[in-house]
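# Report on the structure
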Amino acid sequence: MQDKINQYLAEIEAIDPQNKVELEDFRLKYLSKKGLISVLFEDFKIVPNEQKKAIGAEINKLKQFADSKFLEFQDLISTKEESDNESTIDLSLPPIAHETGTRHPLWLVKNRIIEIFERMGFSIAEGPEIEDDWHNFSALNFAENHPARDMQDTFFVNLNPDIALRTHTSSVQVRTMETQKPPIRVLSPGRVFRNEAITARAHCFFHQIEGLYINENVSVKDLKQTLLYFAQEFFGKKTQIRMRPSYFPFTEPSVEVDISCQICGGKGCNVCKHSGWVEIMGAGMVDPQVLENCGIDSKKYAGFAFGMGIERITMLKYQIKDLRLFSENDVRFLRQFHHV
Ligand code: DAH
């Protein structure tokens, strides 16, 4: 009997079933009800009493060994089959490529504008979108009862009427003049907010770029030449500009700046409403009172400022007719823009 036990131990030690069928053969041969180990337990009944203890222990050891081998191979084979199944995936199928996104047209235009002004020595200054009355209005000479302060134009913070979403990037002029000493040459891009109904031509948020230059002996000539350079770089060398008198509380004199129409070259068309000119921004010489409000000596220094809507410039550049397209995030619209 001991010989048989040793023989089976050696056989089981050596087994190496490769699949479920071979494993089942092993189970039937050694572990099933009629298997060799059950036969050993049958034969055990006739083992002489004095050998029963030793032989019994041996048979149990053999049974445990066979059981553990069985479980071990069962695990091995099922994981192997799982991974075999996985490898039946057809790796030759062409993958679905990730689409590369494009930059938002407002982002492209903003950066192009910055690039042009950087060449003239302007650097970037940013300010908060949530602003106080002083930086958005008072320091810029908006009178106490100025209509821009009206609830219809401005989003105020309910709990504090002194705090509002900035209505223009001119607030950054004030912050810059308060903290820097002339000469100052900054460009301030950013988002602004107005309490307006959303239509093709108006939105409750949009983007502006503000420019500010403060130094000794700055005049309207500097303003006009700077804006002409910008217009010709951005819209093309043939572009002309003109200035029309206007009014802003923080500039004196104030102007509105037009460029010659890109579509008809000045002859007159629908885009320029047959005038040959389209408006691109507001500008002017910084009002001496504004300089004083911000701690700059208006007898020594003068400056010019300008502000343009990035949406407006983008719409002119690409002939976009509806402002809402910029914030709807329809990729069919967005993917048409690659560079300016
Ligand atoms: N802040 C004005 C607006 O939002 C635009 C503007 C006009 C800015 C004239 C300026 C300026 O800096 O000089 O309508």
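## Remarks on the environment of Ile313
Along the chain, Ile313 falls in helix α10 (residues 310-318). C-alpha separation for the pair Ile313 and Gln208, spaced 105 residues apart in sequence, amounts to 9.7 Å. The residues touching Ile313, leaving out its near neighbours within four places in the chain, are Val109, Ile113, Phe234, Phe235, Ile280 and Met308.

## Topic: the sheet that holds strand β3 (residues 156-157)
Strand order in this open sheet of three strands is β2-β4-β3, and the pairing throughout is antiparallel. Whereas interior strands pair on both sides, the edge strands pair on one side only; in this sheet they are β2 (130-132) and β3. Pairing of β3 with strand β4 (residues 160-165) involves two bridges; the strand directions are antiparallel. Across the sheet, residue Phe156 finds its bridge partner in β4, namely Ala164.

## Some thoughts on the site of the ligand
Inspection of the region around the ligand gives 15 residues, with His168, Ser170, Arg194, Gln208 and Glu210 positioned closest. Arg194 has a polar side-chain atom sitting 2.9 Å from an oxygen atom of the ligand. Considering the ligand on its own, with 350 Å² of exposed area, one finds that the protein chains cover 89% of that surface. Every element with two or more residues in the shell around the ligand is listed here: α7 (170-179), β6 (205-215), β9 (277-286) and β10 (302-309). In terms of residue class, the shell around the ligand is made up of five nonpolar, eight polar and two charged.

## Quick word on the domain arrangement of the protein
The domain architecture assigned to the protein consists of domain 1 (2-87) and domain 2 (105-337). For domain 1 versus domain 2, the separation of C-alpha centres amounts to 87 Å.

## Here we look at a nonpolar patch on the surface
A surface patch of nonpolar side chains, amounting to about 330 Å² of accessible area, comprises Ile130, Val157 and Leu159. Locating Leu159 in the fold gives a position in the loop between β3 and β4.

## As for the sheet that holds strand β1 (residues 123-124)
The strand order β1-β5-β6-β10-β9-β8-β7 describes an open sheet built from seven strands, whose pairing is mixed. Either end of the sheet is taken by a strand with one partner, and the two such strands are β1 and β7 (241-248). Along the sheet, helix α5 (residues 105-118) contacts β1, β5 (184-193), β6 and β10; its crossing angle with β5, the most-contacted strand, is approximately 165 degrees. Contacts between α7 and the sheet are confined to β5, β6 and β10, with β6 contributing the most and set at about 35 degrees to the helix.

## Side note on the packing of aromatic side chains
Two numbers describe a pair of aromatic rings. These are the distance of the centres and the angle of the planes. Counting across every chain of the model gives 15 aromatic pairs. Here the aromatic rings of Phe234 and Phe235 are separated by 4.8 Å at their centres, their planes lie at 75 degrees, and the arrangement is edge-to-face. For Phe235, a relative accessible area of 9% puts it in the buried group. Its guanidinium or amino end placed over the ring of Phe205, Arg191 lies 5.3 Å from that ring's centre, counting from NZ or CZ.

## Let's talk about the packing of helix α1 (residues 2-14) against helix α3 (residues 36-44)
When two helices pack together, their arrangement is captured by the angle between the axes and the distance separating the axes. At a minimum axis distance of 12 Å, the contact between α1 and α3 shows a crossing angle of 165 degrees. One way to sum up the angle between α1 and α3 is to call them roughly antiparallel. Of the two possible hands of crossing, α1 and α3 adopt the one that is left-handed. Residues Lys4, Ile5 and Tyr8 of α1 form the contact with α3, whose participating residues are Leu36, Leu40 and Asp43. Within the contact of α1 with α3, the residues separate by chemical class into four nonpolar, no polar and two charged.

## Looking at α5
One full turn of an α-helix is made of 3.6 residues, so residues set three or four places apart face in the same direction. The end-to-end C-alpha distance of α5, which contains 14 residues, comes to 20 Å, matching closely the 20 Å that a straight helix rising 1.5 Å per residue would cover. Among the residues of α5, Pro105, Leu106, Leu108, Val109, Arg112, Ile113, Ile114, Ile116 and Phe117 are the ones counted as buried.

## Quick notes on the pairing of β10
Most of β10 is tucked away, with six of its eight residues classed as buried. Across four bridges, β9 lies against β10 in antiparallel orientation. Note that in β10 the partner of Met285 across the bridge is Phe304.

## What to know about the pairing of β6
β6 sits mainly inside the fold: 10 of its 11 residues count as buried. For β5 and β6, the ladder comprises 10 bridges, and the chain directions are antiparallel. Paired with Arg191 across the strands is His207, a residue of β6. Taken together, the eight bridges between β6 and β10 define a ladder with antiparallel strand orientation. Looking at the pairing, Gln208 lines up with Gly309 of β10.

Conventions and cut-offs
- Residues numbered from 1 in each chain as written.
- Predicted model: local features only at pLDDT ≥ 70, side-chain atom pairs only at ≥ 80, totals over all residues.
- Heavy atoms only, no water.
- Helix = DSSP H or I, 4+ residues; strand = E, 2+ residues; numbered from the N terminus.
- Contact = heavy atoms within 4.5 Å.
- Pairing = 2+ DSSP bridges.
- Near = heavy atom within 4 Å.
- Polar contact = N/O pair within 3.5 Å; in protein donor to acceptor, adjacent residues only side chain to side chain.
- Areas by Shrake-Rupley, 256 points an atom, 1.4 Å probe, with all protein chains shown as cover.
- Nonpolar A, V, L, I, M, F, W, Y, C, P; charged D, E, K, R; others polar.
- Domains from an automatic or database assignment.
- Patch = residues over 30% accessible without salt bridge, like charges linked within 9 Å, V, L, I, M, F, W, Y side chains within 5 Å.
- Salt bridge = Lys/Arg side-chain N within 4 Å of Asp/Glu carboxyl O.
- Axes fitted to C-alpha atoms, helices over the stretch in contact; angles between N-to-C directions.
- Phe/Tyr/Trp six-rings, centres within 6.5 Å; stacked < 30°, edge-to-face > 60°.
- Buried < 20%, exposed > 50% of the residue type's maximum accessible area, 1.4 Å probe, protein only.
- Lys NZ or Arg CZ within 6 Å of the ring centre and 35° of its normal.
- Parallel < 35°, antiparallel > 145°, perpendicular 65-115°, else oblique.
- Left-handed = near helix turned anticlockwise from the far one by under 90°.
- Expected span 1.5 Å × (residues − 1).

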